[in-house]
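Fold and contact review
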Amino acid sequence: MHPDMSLEEGISQIYKWFTRNIMEVLPQIAKVKAGMPTLISYLRTQGIRFATTTRYTKEMLGQILPLASEQGFDPFINITAEDLNRTDCLDSDMISQAMRKLRIRNPRTVIKVGDSPKDILEGKDAGVVTIGMIEGSSLIGMSQQEFSILPFAKRNSIKNQVAAELEKAGADYVVENAKDLMRLIKELDSEKVVS
């Protein structure tokens, strides 16, 4: 920190630096998880509406969405903290906002899918069904390519650690990948656990 700069100014400068740098990096890392286009197609054919919630700014999201759409990921609604016009909003408030926009009243008919404990806690706070997904989790801490070249036993060990963290956060279900997620959604939908 510069001695002539206030804490507020320092925070503002760091945030500007972070935002500028992430805007440069986002197009390079905006990759949809394997199997997601098939899952999205299934959701659409079944009339299951879906949304995203993110702490990214609208500007950041605006950069990612066209790239994600080209890869088959195109949510009905995208909610950012900025949409709530509050800096103190909880992540669960974004789920509530998405539910309002999708005209869904019963939170137990909603699934929150995430790959981090924070995602699971967001869903738990909103009272929705939570599913943790291991593949591509930020808890793995490496790219899919880096992960895929690890020895089988090491990959399994890491996946087990991620599953344990998601379960510890309170996930109702934990799946390995988008294919398993689609299978679980079909089961839950047929059992009318969610709709």
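Starting from 1, residues in each chain are numbered consecutively following that chain's sequence as written. Predicted model: local features are reported for residues with pLDDT of at least 70 only, side-chain atom pairs are reported and counted for 80 or more only, and whole-chain, interface and lining totals are derived from all residues. Note that the side-chain values use all heavy atoms of the structure and ignore hydrogens as well as water.

1. Remarks on the overall build of the chain
Secondary structure assignment for the chain yields 8 helices and 5 strands. To sort residues, take the accessible area from a 1.4 Å probe on protein chains only and compare it with the maximum for the residue type: under 20% means buried, over 50% means exposed, and anything in between is partly exposed. Here the chain holds 195 residues, and the buried ones make up 39% of them. Pairs at least 24 residues apart make up 62% of the contacts formed inside the chain by residues separated by at least 6 positions. Carbon and sulfur atoms make up 53% of the accessible area of the chain, which amounts to about 11,800 Å² in all. Under the DSSP-based scheme used, a helix requires at least four consecutive residues in state H or I and a strand at least two consecutive residues in state E, with every element numbered from the N terminus. Contacts between residues were defined by any pair of non-hydrogen atoms, one from each residue, lying within 4.5 Å. Note on areas: Shrake-Rupley, 1.4 Å probe, and residue coverage restricted to the protein chains presented here.

2. Here we look at the sheet that holds strand β4 (residues 129–133)
For two strands to count as paired, DSSP must find a minimum of two bridges between them. Spatially, 3 strands are ordered β3-β4-β5 in an open sheet, and the strand pairing comes out parallel. The sheet is open, and its two borders are formed by β3 (111–114) and β5 (173–175), each paired with just one other strand. Here the average twist between neighbouring strands, direction ignored, is 25°. Orientation is described by axes fitted as lines to C-alpha atoms, over the contacting stretch for helices, and by angles from 0 to 180 degrees between their N-to-C directions.

3. Re the confidence of the model for the chain
pLDDT measures the predictor's confidence residue by residue and takes values from 0 up to 100. Scored by pLDDT, the chain has a mean of 86; 87% of the residues are at 70 or more. Considering each helix and strand of the chain separately, the mean pLDDT is smallest for helix α1 (residues 7–29), with a value of 68, and largest for β5, with 98.

4. A word on the nonpolar core
In this text, buried Ala, Val, Leu, Ile, Met, Phe, Trp, Tyr and Cys residues form a nonpolar core when linked through side-chain atoms within 4.5 Å. Core analysis: the biggest nonpolar cluster contains 18 residues, and M36, L39, L43, L181 and I185 have the highest contact counts within it. Contributions of two or more residues to this core are made by α2 (36–45), β4 and α8 (178–190). The residues contacting L181, other than those within four sequence positions of it, are L39, V113, I131, M133 and V175. L84, M99, L102 and A126 belong to the second-largest nonpolar core, a separate cluster that totals 13 residues.

5. What about the pattern of salt bridges?
Salt bridge, as used here: a side-chain nitrogen of Lys or Arg that lies within 4 Å of a carboxyl oxygen of Asp or Glu. Under the counting rule described, the total for this entry stands at 6 salt bridges. We note a salt bridge from D74 to R44, for which the minimum N-O separation is 3.5 Å. Of the two residues, D74 sits in the loop between α3 (58–70) and β2 (77–80) while R44 sits in helix α2, which places them 30 residues apart along the sequence. Among the residues examined, D74 registers a relative accessible area of 30% and is labelled partly exposed.

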